[in-house]
Amino acid sequence: MLERLAELVNEDAALVRRGRFLDVDFLVEVGEAPHLIRIRGGRVAGVESGPALMRPWRFAIRAPAEDWARFWEAMPAPSHADIFAMTKRGVAVVEGDLAPLMANLRYVKELLAAPRRLAGEAG
Amino acid sequence: MAPALEPIVGRYMTLTLAGRDCRIYFEEAGAGIPLLCLHTAGADGRQFRHLMCDPAVTDHWRVVAFDLPWHGKSNPPVGWQDEEYRLTTESYVEATMAVAEALSLERPVVMGCSMGGRIVLELAHRHGAALGGVIGLEGADHQQPWYDTTWLHRPDVHGGEVGAALVSGLVAPQSPDEFRWETLWAYMQSGPGVFKGDLYFYREDSDFRDRVAQIDTALCPVHLLTGEYDFSCTPEDTVRTAAAIPGAEAVVMRELGHFPMSENPEQFRRYILPVLERLRSVRA
């Protein structure tokens, strides 16, 4: 679902504007698969998937693949509607330097939820 | 053309709370049994505006909502600039009962949401004979925290924006965008450190698991309603709490989250109108 993240975010002018002060590299782990997401000025400058040794990131968000799949449903269930619903139950983990995440929390949450639009198209 | 005025009327009054003058804003609509409404942490009484404009409610109820000191249009007490705001069980009970007394609300039904849904349990426990019942929305005697509240008040993170972004996930995905964002706007407007200060009560000073079983529901009926999308006060927290209170009733509300009265008023009235009807029939 993250393959089209750059397109989903960068075509959303309001979302890009919300993240305009953010330059950060962060990690989204889908099961065993790491995806390094590079944000520059609110735009997704790149998504690098697959193991990348010695590549630094500021914060990481990790969850099993089946939980991300439920998170990205067009109308997610209560257990998977929000990343913090998943961390509270111990399904997802958020770690690292959380300052850039919390200062831009709405932006990052809307970025993570962007693939739900694809589920809407499919359904 | 005459403006389409809503039936809600707002006023100010000064109450003495913890020995200090507090200028309190409240609004009300309707006539009948007093229904005193308590807003969520870091928000204000506007959350109840839909109930106040619903004739099915206001034909039978005098609906009153006030902003706690530091919230909405209620000022913090003089000298606030050098204080760290902290709500406690004592100050919350005092403010609520003081408003009820000042407005001569006779045996009001008190309805609170989130931290308001928590304090109504203590009100029923301590002042049950003086109340006509309590309604806890998204309420429980205790719940597990899900984030570090120090993020809510620090210079490098906008408190209003991060507060809204945190609680945004507690709004059900089915709720209309208009009301979702109006609900979040209140969080964005909250004064610095106020949401965090409310959560002091919610997290540190209100574990009521030791006393809810003593609530006399014959004297003060207890109704608990929680949205299925609320992962902060979960349906399990609410059902467990109701099970501990003999005679209490719990309902899990479909397609609603942590802010039922403001995030989806249409869906909420399906659940709240029957409860209000029950409380009215018991009183009569």
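Coordinates for the structure precede this section.
Residues numbered from 1 in each chain as written. Chains lettered and ligands numbered in written order. Predicted model: local features only at pLDDT ≥ 70, side-chain atom pairs only at ≥ 80, totals over all residues. Heavy atoms only, no water.

## Examining the overall build of chain A
Right, on to step 1. For chain A, the count of helices and strands is seven helices and five strands.
Right, on to step 2. Going residue by residue from the N terminus, the α and β elements of chain A occur as α-α-β-β-β-β-α-α-β-α-α-α.
Right, on to step 3. Here the C-alpha radius of gyration of chain A, 14 Å, is about what a compact globule of 123 residues would show, namely 14 Å.
Right, on to step 4. By its C-alpha atoms, chain A is 30 × 30 × 25 Å across when sized along the principal axes. (Helix = DSSP H or I, 4+ residues; strand = E, 2+ residues; numbered from the N terminus. Rg over C-alpha atoms; globule rule 2.2 N^0.38 Å.)

## Describing the side chain of Glu28(B)
Residues and elements named next belong to chain B.
Right, on to step 1. For Glu28, the location among the structural elements is in strand 2 (residues 20-29).
Right, on to step 2. For Glu28, the side chain forms a polar contact with the side chain of Arg62, separated by 2.7 Å.
Right, on to step 3. When near neighbours in sequence (up to four residues on either side) are disregarded, Glu28 contacts Pro7, Ile8, Val9, Met52, Arg62, Val63 and Val64. (Polar contact = N/O pair within 3.5 Å; in protein donor to acceptor, adjacent residues only side chain to side chain. Contact = heavy atoms within 4.5 Å.)

## With respect to the pairing of strand 1 (residues 23-30) of chain A
Residues and elements named next belong to chain A.
Right, on to step 1. Burial analysis of strand 1 places seven of its eight residues in the buried class, which makes it a mostly covered element.
Right, on to step 2. Strand direction decides the pairing type here: strand 1 and strand 2 (residues 33-40), joined by eight bridges, are antiparallel. Bridge pairing in strand 2 links Asp23 to Arg40.
Right, on to step 3. Counted between consecutive antiparallel strands, the loop separating strand 1 from strand 2 contains two residues, among which Gly31 sits at a positive phi close to 65°.
Right, on to step 4. The pairing of strand 1 with strand 4 (residues 59-63) spans four bridges and is parallel. Across the sheet, the residue bridging to Val28 is Ile61, located in strand 4. (Buried < 20%, exposed > 50% of the residue type's maximum accessible area, 1.4 Å probe, protein only. Pairing = 2+ DSSP bridges.)

## Regarding the pattern of salt bridges
Residues and elements named next belong to chain B.
Right, on to step 1. One pass over the full model with this rule turns up 30 salt bridges over all chains.
Right, on to step 2. Between Glu122 and Arg211 there is a salt bridge, with its nearest N and O atoms 3.2 Å apart. Here the residue Glu122 occupies a position in helix 4 (residues 115-127), and Arg211 occupies one in the loop between helix 7 (194-204) and strand 7 (222-227), the gap between them amounting to 89 residues.
Right, on to step 3. Residue Arg211 is classed as partly exposed on the basis of its relative accessible area of 22%. (Salt bridge = Lys/Arg side-chain N within 4 Å of Asp/Glu carboxyl O.)

## Description of helix 4 of chain B
Residues and elements named next belong to chain B.
Right, on to step 1. With 13 residues, helix 4 ought to run about 18 Å at 1.5 Å a step, and its terminal C-alpha atoms sit 18 Å apart, in line with that.
Right, on to step 2. Most of helix 4 sits inside the fold, with ten of its 13 residues counted as buried.
Right, on to step 3. Every buried residue of helix 4 is accounted for by Met115, Gly116, Gly117, Arg118, Ile119, Val120, Leu121, Glu122, Leu123 and Ala124. (Expected span 1.5 Å × (residues − 1).)

## Some thoughts on unusual backbone geometry
All names here are of chain B.
Right, on to step 1. The backbone phi angle of Trp70 is positive, close to 80°, even though this residue is not glycine.
Right, on to step 2. Within the secondary structure, Trp70 sits in the loop between strand 4 (61-66) and helix 3 (89-102).
Right, on to step 3. Positive phi is not limited to glycine here, since Glu255 has a value of about 55°.
Right, on to step 4. Mapped onto the secondary structure, Glu255 falls in the loop between strand 8 (249-253) and helix 9 (260-263).
Right, on to step 5. Its relative accessible area of 32% is what places Glu255 among the partly exposed residues.

## Comments concerning the packing of helix 5 (residues 159-168) of chain B against helix 6 (residues 177-189) of chain B
All names here are of chain B.
Right, on to step 1. Packing of helix 5 against helix 6 leaves a shortest axis separation of 7 Å and a crossing angle of 140°. Judged on the interaxial angle alone, helix 6 and helix 5 are oblique. Considering how the two elements wind past one another, helix 5 and helix 6 form a crossing that is right-handed. Between helix 5, through Gly160, Gly163, Ala164, Val167 and Ser168, and helix 6, the contact on the second element is made entirely by Arg180, Leu184, Tyr187 and Met188.
Right, on to step 2. Along the lines of polarity and charge, the residues of the contact of helix 5 with helix 6 split into five nonpolar, three polar and one charged. (Axes fitted to C-alpha atoms, helices over the stretch in contact; angles between N-to-C directions. Parallel < 35°, antiparallel > 145°, perpendicular 65-115°, else oblique. Left-handed = near helix turned anticlockwise from the far one by under 90°. Nonpolar A, V, L, I, M, F, W, Y, C, P; charged D, E, K, R; others polar.)

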